[in-house]
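Residue strings, one per chain:
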Amino acid sequence: MQKHDQDFIKRKNRTTVFEIIKNHSPLSRAEIARLTGMSPTTVSRIVAELDHLDFMHEIEQETTSVGRKAILLKVNPKSVLSVGVEIDKTVIRMGAVDLDGSVIGGKSIARNAEESSEATLGSIAAGINALIDDERLDRRRIVGIGVGLPGIIDHAGGKAVLSAQLGWKQADIAGLLKARTGLAVAVDNELKVKSLAEHMYGAAKGSKRSVLIGFGSGVGSSLIIDGDIYRGESNSAGEVGHTVVDPGGLRCDCGKKGCLQTYIAEAALIEQASRVKPVASLDELFQARRDGERWAADIVDRAMAFIAVTIGNVACMYNPDTVILTGKLVERYPEVRAFIAEKCMSEYVWEPLRGTFRIAYSAFEQDGVIIGSGLLAQGRFLDIASQIEQMEQN
């Protein structure tokens, strides 16, 4: 066998052992050998390499035999890192993410709502370098950057095809950010990465088929089936906000009339309220409702009804076991949660589906996109063999 073939097999075996420990830990060397089909000698050699470079550690666990302890292996979650980035209209958030989905450090950068993608990506690159320095992170352990943002995203190409919220078209996020940082970059829609975080470590952990629905600056959803994001032909699956609920209804930013999000999205609600009385925020609108102002109650109550309609329609389309709700409307205002708890399942969900799924709320809220983006980068770019070689060379 030629040397490069031997090296390839060696690298592949290292990655396989690391993934087995990561996904099934704690477990013993004998269990690794059984799961991989490798010889005990090969497993012990690879484990020694991983242990030497702090990618994993041993833990002792009592067994049923008196006085005997089993030596089990567990991955060091800080041994592999990524940087998760969320781009919103007026703020950029970022943080380092470890293998357990925990955020290390964290940084927020103000963003001019009108600035170009190049300017925003320059700020992100500078922020990532500052984050690495401030937290004294080992750059060799960072496998890549994940970016989550609103809009239609070319996931494979790393581009924002269209982000109405940011005013971007065909923005080469991955290319520009890699050129500025030297790190591999994965890009996706913000709700898709947030649903990934909820599936792996949050409200949908253990779910086979979960849907995350976001109610904020727009309305969207993301479906996870057996651990994978369902994307559709152009990564546009889940754009429920642009389903038409009233052909003669309000004009949407997309140009159509009666899109669902024209009855729920934050800007649409504020615009409708301002036709009656000057309103600058959702807080003012909800306060007017609490003060007994009928016009405010009409707007808010209609929005809550459409939120319940959305949940019911998504349940019919996807038949999930879990529906996770996120976004300012459902996370900040207790009236909305109370309405959903009291009326959604009994009045807005098709009877055969009642009791077949649970409604939950995001476990991460503000950090969800950062965590999901970081996990996306880990899943796409994790190559433990290359990292070990790089660390050995240094």
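Each remark here, short or long, concerns the structure printed above.
Residues numbered from 1 in each chain as written. Predicted model: local features only at pLDDT ≥ 70, side-chain atom pairs only at ≥ 80, totals over all residues. Heavy atoms only, no water.

### Brief notes about the overall build of the protein
Convention followed: By definition, any uninterrupted DSSP run of H or I lasting at least four residues is a helix, any uninterrupted run of E lasting at least two residues is a strand, and each is numbered from the N terminus. The reference for a compact globule is 2.2 Å times residues^0.38; the radius of gyration itself is calculated from the C-alpha atoms. A 1.4 Å probe rolled over the protein chains alone gives each residue an accessible area, and that area as a share of the maximum for its type sets the label: buried under 20%, exposed over 50%, partly exposed in between. The criterion used for residue contact is that any of the two residues' heavy atoms lie within 4.5 Å. Only the protein chains shown count as covering a residue, and every accessible area follows the Shrake-Rupley method with a 1.4 Å probe. Counted as positive: Lys and Arg. Counted as negative: Asp and Glu, with His and the chain ends omitted from the count. Each charge is placed at NZ for Lys, CZ for Arg, CG for Asp and CD for Glu.
A tally of helices and strands in the protein yields 13 helices and 15 strands. Taken over C-alpha atoms, the radius of gyration comes to 24 Å for the protein, in line with the 21 Å a tight globule of 394 residues would show. Considered along the principal axes of its C-alpha atoms, the protein spans approximately 75 × 50 × 35 Å. Here the protein, with 394 residues, has 50% of them falling under the buried criterion. Pairs at least 24 residues apart make up 60% of the contacts formed inside the protein by residues separated by at least 6 positions. Accessible area for the protein stands at about 18300 Å²; split by element, carbon and sulfur atoms hold 48% of it. Counting 47 positive and 51 negative side-chain charges, the protein places the averaged centre of each group 2 Å from the other.

### With respect to unusual backbone geometry
Of note, the amide linkage connecting Ser25 to Pro26 takes the cis form, showing an omega dihedral of 0°. Position of Pro26 among the secondary structure elements: in the loop between helix 1 (3-24) and helix 2 (29-36). In the Ramachandran plot, Asp54 falls in the positive-phi region, its phi being about 70° despite a non-glycine side chain. Mapped onto the fold, Asp54 is located in the loop between helix 3 (40-52) and strand 1 (56-62).

### Section: the sheet that holds strand 5 (residues 103-110)
For the record, the criterion: Note on pairing: two strands pair once DSSP finds at least 2 bridges between them. Here an angle of 0 to 180 degrees is reported between the N-to-C directions of two axes, which are lines fitted to C-alpha atoms, with helices fitted over the stretch in contact.
Taken together, five strands build an open sheet; the order of strands is 5-4-3-6-10 and the sheet is mixed. The open sheet has two edge strands, strand 5 and strand 10 (185-189), and neither has a second partner. Here the average twist between neighbouring strands, direction ignored, is 15°. On top of the sheet, helix 4 (residues 117-134) reaches strand 3 (81-87), strand 4 (91-97), strand 5 and strand 6 (142-149); it is set at about 145° to strand 5, its chief contact.

### Section: the packing of aromatic side chains
Keep this limit in mind: When two rings of Phe, Tyr or Trp (its six-membered ring) have centres within 6.5 Å they constitute a pair, described as stacked for plane angles under 30 degrees, edge-to-face for angles over 60, and tilted for the intermediate range. A ring is scored as having a charge over it whenever the NZ atom of a lysine or the CZ atom of an arginine sits within 6 Å of its centre and within 35 degrees of its normal.
The final tally for this structure, using the stated rule, is four aromatic pairs. Each ring, one from Phe286 and one from Tyr333, has its centre 4.0 Å from the other, and the planes form 5°; the classification is stacked. Of the two residues, Phe286 is situated in helix 8 (residues 282-290) and Tyr333 in the loop between helix 10 (328-332) and helix 11 (334-348); the sequence distance between them amounts to 47 residues. One exposure class covers both Phe286 and Tyr333, and it is buried. Centre to centre, the rings of Phe339 and Tyr348 are 6.1 Å apart; their planes meet at 50°, and the pair counts as tilted. Taking the ring centre of Phe55 as reference, the NZ or CZ of Arg141 above it sits at 4.9 Å. The residue whose ring lies beneath Arg337 is Tyr361, and the NZ or CZ to ring-centre distance is 3.9 Å.

### Description of the side chain of Ser362
To keep it simple, the criterion reads: Polar contact criterion, stated in full: a pair of N or O atoms within 3.5 Å, where within protein one must be able to donate a hydrogen and the other to accept it, and residues adjacent in sequence count only if both atoms are side-chain atoms.
Mapped onto the elements of the fold, Ser362 is located in the loop between strand 15 (358-361) and helix 12 (368-381). For Ser362, a relative accessible area of 9% translates into the label buried. A polar side-chain atom of Ser362 sits 3.2 Å from the main-chain amide nitrogen of Phe364. Among all residues touching Ser362, those that are not within four sequence positions of it are Lys194, Glu198, Ile324, Leu325, Thr326 and Glu331.

### Overview of the pattern of salt bridges
So the rule is basically this: By definition here, a salt bridge exists when the distance from a side-chain nitrogen of Lys or Arg to a carboxyl oxygen of Asp or Glu is within 4 Å.
Per the counting criterion, the structure on display carries 18 salt bridges. With a closest N to O distance of 3.9 Å, Arg141 and Asp138 form a salt bridge. Notably, a salt bridge pairs Arg332 with Asp283, separated by 3.9 Å at the nearest N-O pair. Here Arg332 is found in helix 10, whereas its partner Asp283 is found in helix 8, with 49 residues between them in sequence. In this structure Asp283 comes out as partly exposed when scored by relative accessible area, which is 38%. Each of Arg14, Arg45 and Glu49 takes part in a single network of salt bridges with overlapping partners.

### Comments concerning the side chain of Asn189
Mapped onto the elements of the fold, Asn189 is located in strand 10. A distance of 2.9 Å separates the side chain of Asn189 from the backbone nitrogen of Leu191, its partner in a polar contact. Not counting residues up to four positions away in its chain, the partners in contact with Asn189 are Leu149, Pro150, Gly151, Ile153 and Glu239.

### A look at the sheet that holds strand 14 (residues 322-326)
With mixed pairing, the five strands of this open sheet are ordered in space as 13-12-11-14-15. In the strand order of this sheet, the two ends are held by strand 13 (228-230) and strand 15, each with one partner. Direction aside, the axes of adjacent strands within the sheet are offset by 25° on average. Its contacts with the sheet put helix 9 (residues 294-318) on strand 11 (209-215), strand 12 (219-225), strand 14 and strand 15, and the angle it makes with strand 11 is roughly 155°.

### A look at the environment of Val349
Along the polypeptide, Val349 turns up in the loop between helix 11 and strand 15. For Val349 and Val314, which are 35 residues apart along the polypeptide, the C-alpha to C-alpha distance reads 9.5 Å. What Val349 contacts, discounting residues up to four positions off in sequence, is Gly312, Cys344, Arg354 and Phe357.

### Re helix 3
Formally: The span expected for a helix works out to 1.5 Å for each residue beyond the first. Throughout, the arc means that of the directions going from the helix axis to the C-beta atoms.
A rise of 1.5 Å per residue sets the reference length of helix 3, with its 13 residues, at 18 Å; its end C-alpha atoms lie 18 Å apart and thus fit the reference within 8%. All of the buried residues along helix 3 are Val43, Ile46, Val47, Glu49 and Leu50. When helix 3 is viewed along its axis, its buried side chains cluster within an angular range of 160° and face the same direction. Opposite its buried face, helix 3 presents the exposed residues Pro40, Thr41 and His52, each directed more than 90 degrees away. At the exit of helix 3 stands Asp54, carrying a positive phi of roughly 70°.

Note that every value here comes from positions in space, so none of it alone points to a role or purpose.
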